[in-house]
Amino acid sequence: MLPSASTNSHDVLFDGAGEVREHARGVDWAASALGPTLAWPAPLRHAISLILSSRFPMFIAWGAQRSFFYNDAYAGLLGERHPDALGKPIKLVWPDLWPQVGPLLERTFSGESTLGEDVRRSFPRKDGNYESTFT
């Protein structure tokens, strides 16, 4: 059972070391579309806890707005989009990749499992494009 959402309650979800956790502690989540963290559903809290503990680049998109959460390893892929990307709709975070990524993401939200192997992506960066392959 989750603790009640109170402005005086401390939420441990973003406790610990790491740049993303540190930034997340400073976000006014109660003013966001997701509301206060203590009221977030257990599956979201668990998924965030899982990705924040991973050294592998990971992200999740949650809810109708596809709110974007990621870990420190993924922050490097975001470049200048980090830390402002945290909690934003993924479509706004990656507008340049949305034509390719959006349909896959929407298929997963409809319950379909997807897999892309050795998919090349190019990420615009301040110092040029960063190209990588993802599975």
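None of the values given here were measured: they were computed from a predicted structure.

Parameters and conventions
Residues numbered from 1 in each chain as written. Predicted model: local features only at pLDDT ≥ 70, side-chain atom pairs only at ≥ 80, totals over all residues. Heavy atoms only, no water. Buried < 20%, exposed > 50% of the residue type's maximum accessible area, 1.4 Å probe, protein only. Helix = DSSP H or I, 4+ residues; strand = E, 2+ residues; numbered from the N terminus. Pairing = 2+ DSSP bridges. Arc of directions from axis to C-beta. Contact = heavy atoms within 4.5 Å. Core = buried A, V, L, I, M, F, W, Y, C linked by side-chain atoms within 4.5 Å. Salt bridge = Lys/Arg side-chain N within 4 Å of Asp/Glu carboxyl O.

A. Representation of the pairing of strand 2 (residues 67-70) within the structure. Alternating residues of strand 2 divide into Ser 67 and Phe 69 and Phe 68 and Tyr 70, and every residue in both groups is buried. Strand direction decides the pairing type here: strand 1 (residues 59-62) and strand 2, joined by four bridges, are antiparallel. Opposite Ala 61, over in strand 2, you have Phe 68 as the bridge partner. Between strand 1 and strand 2, which follow one another and run antiparallel, lie four residues, and Gly 63 among them has a positive phi close to 75°.

B. Geometry of helix 2 (residues 42-52). Among all positions of helix 2, only Leu 44, Arg 45, Ala 47, Ile 48, Ile 51 and Leu 52 are buried. Take helix 2 and look down its axis: the buried residues cluster within an arc of 165°, on one side only. Seen from the buried face of helix 2, the exposed residues on the opposite side, beyond 90 degrees, are Pro 43, His 46 and Leu 50. As for helix 2, its buried residues are in contact with helix 1 (19-25), strand 1 and strand 2.

C. Structural view of the nonpolar core. Membership of the largest hydrophobic core comes to 29 residues, with the highest contact counts inside it found for Ile 48, Phe 68, Phe 69, Tyr 70 and Trp 94. Counting only elements with at least two residues in this core, the list comes to helix 1, helix 2, strand 1, strand 2, helix 3 (72-78), helix 4 (90-93) and helix 5 (98-109). Looking at which element gives the most residues to this core, the answer is helix 2, with five residues.

D. Examining the pattern of salt bridges more closely. Summed over the entire model, instances satisfying the criterion amount to five salt bridges. The salt bridge involving Arg 66 is made with Glu 106; its shortest N-O contact spans 2.7 Å. Of this pair, Arg 66 sits in the loop between strand 1 and strand 2 while Glu 106 sits in helix 5, and the two are 40 residues apart along the sequence. Under the relative-accessibility criterion, Arg 66 is labelled buried at 15%. Given the relative accessible area of 33%, Glu 106 is considered partly exposed.

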